[in-house]
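Each chain, written out:
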Amino acid sequence: MYSVEQLANDFRRLGIRAGDTVMLHASVRAVGEVAGGPGAIHLAVKSTLTPEGTLMMYAKLGRRRMVNHCNIPSARSMALFNSWTA
């Protein structure tokens, strides 16, 4: 069974550092048994990143249709969005 501390140490060995931006999508079954349950995995990443880092995670909408954000006028007008899609 893995602890949050063990997972955090493993994330550091993988090269994740404080202040990094990380996209996390993990198979809980592939990770194995974790003390504290599946939520402990993201806690280990957050503790590795520190408050200066950014943790991005996949969000599934279930059976709902995905929204095409390119068709939303407010998103189109955002400078960051425009520079990203240019």
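Structure shown above.
Throughout this description, residue numbers start from 1 for each chain and increase along the sequence as written. A pLDDT threshold of at least 70 governs which residues receive local features in this predicted model, and a stricter bar of 80 or more applies before side-chain atom pairs are shown or counted, although totals over entire chains, interfaces and linings include all residues. Hydrogens and water molecules were not included; the side-chain quantities draw on all heavy atoms of the structure.

**Q** Looking at this structure, how should I read the packing of helix α1 (residues 4-13) against helix α3 (residues 39-49)?
**A** Helix packing for two helices is described by the angle between their axes and how far apart those axes are. Fitting a line to C-alpha atoms yields each axis, with helices limited to the stretch in contact; the angle taken between N-to-C directions then spans 0 to 180 degrees. The secondary structure listing takes helices from DSSP runs of H or I that are at least 4 residues long and strands from runs of E that are at least 2 residues long, numbered from the N terminus. Running from N to C, α1 and α3 point in directions that differ by 55 degrees, and their axes come no closer than 8 Å. In terms of axis orientation, α1 runs oblique to α3. Where α1 crosses over α3, the two elements pack in a sense that is right-handed. Facing Val4, Leu7, Ala8, Phe11 and Arg12 of α1, the residues of α3 in contact are Ala40, Ile41, Leu43, Ala44, Val45, Ser47 and Thr48. Polar here means any residue other than Ala, Val, Leu, Ile, Met, Phe, Trp, Tyr, Cys and Pro, which are nonpolar, and Asp, Glu, Lys and Arg, which are charged; Gly is therefore polar. The residue inventory of the contact of α1 with α3, partitioned by class, reads 9 nonpolar, 2 polar and 1 charged. Put simply, angles under 35 degrees are roughly parallel, angles over 145 are roughly antiparallel, angles from 65 to 115 are roughly perpendicular, and the rest are oblique. Working rule for handedness: look at the near helix, and if it is turned counterclockwise from the far one by less than a right angle, call the crossing left-handed; if clockwise, right-handed. We call two residues in contact when some of their heavy atoms are within 4.5 Å.

**Q** Would you mind showing me how to read the environment of methionine 56 here?
**A** With respect to the secondary-structure elements, methionine 56 resides in strand β2 (residues 54-57). Assessed through its relative accessible area of 38%, methionine 56 is described here as partly exposed. Along the sequence, methionine 56 and methionine 23 sit 33 residues apart, while their C-alpha atoms lie 4.6 Å from each other. With residues near it in sequence (within four places) discarded, methionine 56 still touches Thr21, Val22, Met23 and Leu24. Burial here depends on accessible area, computed with a 1.4 Å probe over protein chains only, as a share of the maximum for the residue type. Under 20% is buried, over 50% is exposed, and the range in between is partly exposed.

**Q** Which parts of the structure should I look at to understand unusual backbone geometry?
**A** Trans is the prevailing form of peptide bonds, just as negative phi is the prevailing case for residues other than glycine. Even without a glycine there, the phi angle at threonine 50 is positive, about 65 degrees. Its location among the elements puts threonine 50 in the loop between α3 and β2. Look at threonine 50 and you get partly exposed, because its relative accessible area is 25%.

**Q** Hey, could you run me through the pattern of salt bridges in this one?
**A** For side chains of opposite charge, pairing can occur when their charged atoms come near one another. Between Lys or Arg on one side and Asp or Glu on the other, a salt bridge is scored when a side-chain nitrogen of the former is within 4 Å of a carboxyl oxygen of the latter. Taken as a whole, this structure holds 1 salt bridge when the rule is applied. Note that aspartate 10 is salt-bridged to arginine 13, the shortest N-O span being 2.1 Å. Taken together, the residues span about one helical turn, with aspartate 10 and arginine 13 both in helix α1 at a distance of 3 residues. Judged by its relative accessible area of 66%, arginine 13 falls in the exposed class.

**Q** Help me understand the nonpolar core, please; the structure alone is not making it clear to me.
**A** Soluble, globular proteins show a tendency: their nonpolar side chains are buried together. Definition used in this section: a nonpolar core is a set of buried Ala, Val, Leu, Ile, Met, Phe, Trp, Tyr and Cys residues joined via side-chain atoms within 4.5 Å. Counting 12 residues, the largest nonpolar core consists of Leu7, Ala8, Phe11, Ile16, Val22, Leu24, Val34, Ala40, Ile41, Ala44, Val45 and Leu49. Broken down by secondary-structure element, the contributors of at least two residues to this core are α1, β1 (21-24) and α3. If sequence neighbours within four positions are ignored, isoleucine 41 has contacts with Leu7, Phe11, Val28, Val31 and Val34.

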